[in-house]
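As a plain string of letters, each chain reads:
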Amino acid sequence: MTIFSQINIKESKNNIPVISPLNQQIIGYAKNISNADIIKIIDKAIDAQKIWKKTHASERSKLLIRWNQLILEHTDELANIINLENGKILSDAKSEIAYGASFVEWFASEATKIQGSYSEGSKTGQKIITKYEPVGPVAAITPWNFPNAMITRKIAPALAAGCVIILKPSELTPFSALALEYLAKKAGFPDGVINIVTGDSKMIGETLCNDFRIRKISFTGSTSVGKLLYKQSADSLKRISLELGGNAPFIICDDVNIENTIKCLIPGKIRSSSQACTSPNRIFIHNSIYEKTTKMLASNFEQIKIGQDIGPLIDQEAVDKVINLISDAKSKGATILCGGTLQKETFFEPTVIVNCTDDMNLFKEEIFAPVLACYRFDTIDEVIERANNTEYGLASYVFSNNSKTIQDLSDKLDFGIVGINTAIISNYKGAFGGRKASGFGVEGSHLGIYEYLNTKYICEE
Ligand code: ADP
């Protein structure tokens, strides 16, 4: 029996239908839990927390190692589930499984490295001890665009730190989350430690935020929902991490090898059908190489095979959004070099759009579709100012071979992440996180586990 056949309810009654963006067919149903159910799950998690926080770090680490092995052993099955419910092509889905598992492996090791400190106090005989303790039960809410990796990136550090977790995946992609929970059970995590809940997002969000016993909330998704969860968590003063939208500038300086730059940009852009908050959103190209670069981009984009190299957009709303953005840009003077229309269902043509200007909505909003919006620039100071002229602050990219330019841009770009001569910055070792309307908090790296740990200071005389 496949994992999918065991987690799919298959009954429509009261449950949530999951529609595949590949063919608009219902592929199955996920539970629509009631408020009473979620309260029972919280109660169970609170009980589990009492035991989990006392487990030895090496025990937590061993369970994470086992979970990682099972995830990797089931790569094909898990990738098929992502392909079905999210639509991304299989090779992207497989990369996501490897990326998702890398967090489990990494935090299995980080669990055993949590270290406090000891020092002499401010007077003779006084001892100062600083130690770390799990923040307590954690709630997490995740999106549909990386239905596996956004989950492991939260669950793994929470468990490593000694926190239990209740996680609500997107209603559009619940099966990847349920499959991970299924494998976690096989790995031997005790009951109540990992709890995946599916159902009405508003009701579940409110219940989790309002419950004082849950001490931390971690969210990845839109800025508007992030703000709402922040407000809802104020009364119970939860710790909160928010990984929200982006509006990444991708700056191509005049000294680059254009061909190599395009070889990096295109896979970075079309990964996950361009539906990533780190996706290059505004392509700034130096005026002296603008025509040549945009022509080469268009000839490369024209070769991308829809359905084979790139999947569909998640739903009709995503299609409507990109169509509106393109029509606004055209009405303000932009020209389409290639693509620009819907091929079928929600499969959108890879599009290069030139002569874009900063007054267009394309400049202000996250496109979340395979559209390269190309802007001209003349000077480094000018491009820094324009790149920073956004409420968002997640990823940014610089392509240059000049060390002074690289230094200047990496210092002055007001973003949490700067990719230099690379368009793929997602990495379990990197401190992933944004600023401004892109949120706050860090995922991955040696810092990620501290999002789930409280500091305790002990003064002894
Ligand atoms: P996107 O636009 O990428 O779908 P959303 O912020 O709408 O981003 O969704 C991200 C996650 O937030 C999903 O799991 C979704 O179900 C959840 N969500 C949406 N609205 C709410 C809400 N009012 N309260 C709690 N969670 C919500």
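Just above sits the structure.
Residues numbered from 1 in each chain as written. Predicted model: local features only at pLDDT ≥ 70, side-chain atom pairs only at ≥ 80, totals over all residues. Heavy atoms only, no water.

Participant: Tell me about the sheet that holds strand β8 (residues 216-220), residues and numbers included.
Facilitator: Across the sheet, six strands lie side by side as β7-β6-β5-β8-β9-β19; this open sheet has mixed pairing. Of all strands in the sheet, those bounded by a partner on one side alone are β7 (194-196) and β19 (439-440). When strand β5 (residues 138-141) meets strand β6 (residues 165-168), the two strands line up parallel, connected through four bridges. Directly across from A140, in β6, lies its bridge partner L167. (Pairing = 2+ DSSP bridges. Helix = DSSP H or I, 4+ residues; strand = E, 2+ residues; numbered from the N terminus.)

Participant: I'd love a proper account of the sheet that holds strand β12 (residues 335-338), names of residues and values included.
Facilitator: With mixed pairing, the seven strands of this open sheet are ordered in space as β12-β15-β16-β11-β10-β17-β18. A strand with exactly one partner marks an edge of an open sheet, and here the two such strands are β12 and β18 (417-420). For this sheet, the mean angle separating the axes of adjacent strands, direction not counted, is 25 degrees. By the bridge criterion, three bridges tie strand β10 (residues 248-252) to strand β17 (residues 395-399) in an arrangement that is parallel. From the neighbouring strand, I251 faces β17, where its bridge partner is V398. Sheet strands in contact with helix α12 (residues 316-331) are β12, β15 (351-354) and β16 (371-377), and its direction is about 25 degrees off that of β15. (Axes fitted to C-alpha atoms, helices over the stretch in contact; angles between N-to-C directions. Contact = heavy atoms within 4.5 Å.)

Participant: Can you break down the nonpolar core residue by residue, with the values?
Facilitator: Judged by nonpolar contacts, the single largest core of 79 residues is most densely connected at W67 and F189. Once residues lying within four places of it in the same chain are set aside, the contact partners of F189 are W52, L63, L64, W67, L159, A184 and I194. Counting 33 residues, the second-largest nonpolar core is a separate cluster that includes L325, A334, L362 and I367. (Core = buried A, V, L, I, M, F, W, Y, C linked by side-chain atoms within 4.5 Å. Buried < 20%, exposed > 50% of the residue type's maximum accessible area, 1.4 Å probe, protein only.)

Participant: I'd like to hear about the pairing of β16, residue by residue, with values.
Facilitator: Within β16, six of the seven residues are buried, leaving the element largely enclosed by the surrounding structure. With three bridges joining them, β15 and β16 adopt parallel strand pairing. Within the sheet, the bridge partner assigned to V352 lies in β16 and is L372.

Participant: Account for the packing of helix α14 (residues 380-388) against helix α15 (residues 403-412), with residues named and values stated.
Facilitator: For the pair α14 and α15, interaxial distance at closest approach is 10 Å and the crossing angle is 25 degrees. Relative to α15, the element α14 is oriented roughly parallel. The element α14 and its partner α15 pack so that their crossing is right-handed. In contact with I380, D381, V383, I384 and N388 of α14, α15 contributes T405, D408, L409 and K412. Here the contact of α14 with α15 is composed, by residue class, of four nonpolar, two polar and three charged. (Parallel < 35°, antiparallel > 145°, perpendicular 65-115°, else oblique. Left-handed = near helix turned anticlockwise from the far one by under 90°. Nonpolar A, V, L, I, M, F, W, Y, C, P; charged D, E, K, R; others polar.)

Participant: Now, about the layout of surface pockets: what can you tell me, with residues and values included?
Facilitator: Quantified by volume, the largest pocket comes out at close to 1,100 Å³. In terms of lining, the largest pocket is formed by 38 residues, of which the most central are P143, W144, G221, S222 and V225. Taken together, the elements giving at least two residues each to the lining of the largest pocket come down to α8 (201-210), β8, α9 (223-232) and α12. Ranked by the residues each element gives to the lining of the largest pocket, the list is headed by α9, at six residues. Across the lining of the largest pocket, the residue classes break down as 16 nonpolar, 13 polar and nine charged. The volume enclosed by the second largest pocket comes to roughly 570 Å³. Lining the second largest pocket are 25 residues, with K31, L178, E181, K185 and I196 sitting closest to its centre. Counting only elements with at least two residues in the lining of the second largest pocket, the list comes to α1 (3-7), α2 (35-52), α7 (174-187) and β7. (1 Å grid on protein atoms, 1.4 Å probe; cavity = no way out; pocket = protein on both sides within 12 Å on 5 of 7 lines; lining within 4 Å. Points joined across faces, edges and corners; volume = space filled by probe spheres on them.)

Participant: Outline the pattern of salt bridges, supporting the account with residue identities and numerical values.
Facilitator: One pass over the full model with this rule turns up 23 salt bridges. For D43, the salt bridge identified is with R213, shortest N-O distance 2.9 Å. Of this pair, D43 sits in helix α2 while R213 is found in the loop between α8 and β8, placing the two residues 170 residues apart along the sequence. Relative accessible area serves as the criterion here: at 34%, R213 is assigned to the partly exposed category. Through salt bridges with shared partners, a single ionic network connects R153, K154, E243 and E443. (Salt bridge = Lys/Arg side-chain N within 4 Å of Asp/Glu carboxyl O.)

Participant: Before we move on, can you summarise the site of the ligand with the specific residues and values?
Facilitator: Around the ligand, the surrounding shell holds 17 residues, and the nearest of these are T142, W144, K168, E171 and S222. Between W144 and the ligand, the recorded distance is 3.0 Å, taken from a side-chain N or O atom to an oxygen atom. Put simply, the ligand lies in the largest pocket. Elements that contribute at least two residues to the shell around the ligand include exactly α8, β8 and α9. Along the lines of polarity and charge, the residues of the shell around the ligand split into seven nonpolar, seven polar and three charged. (Near = heavy atom within 4 Å. Polar contact = N/O pair within 3.5 Å; in protein donor to acceptor, adjacent residues only side chain to side chain. Sits in = over half its atoms within 2 Å of the grid points.)

In short, geometric facts, not functional conclusions.
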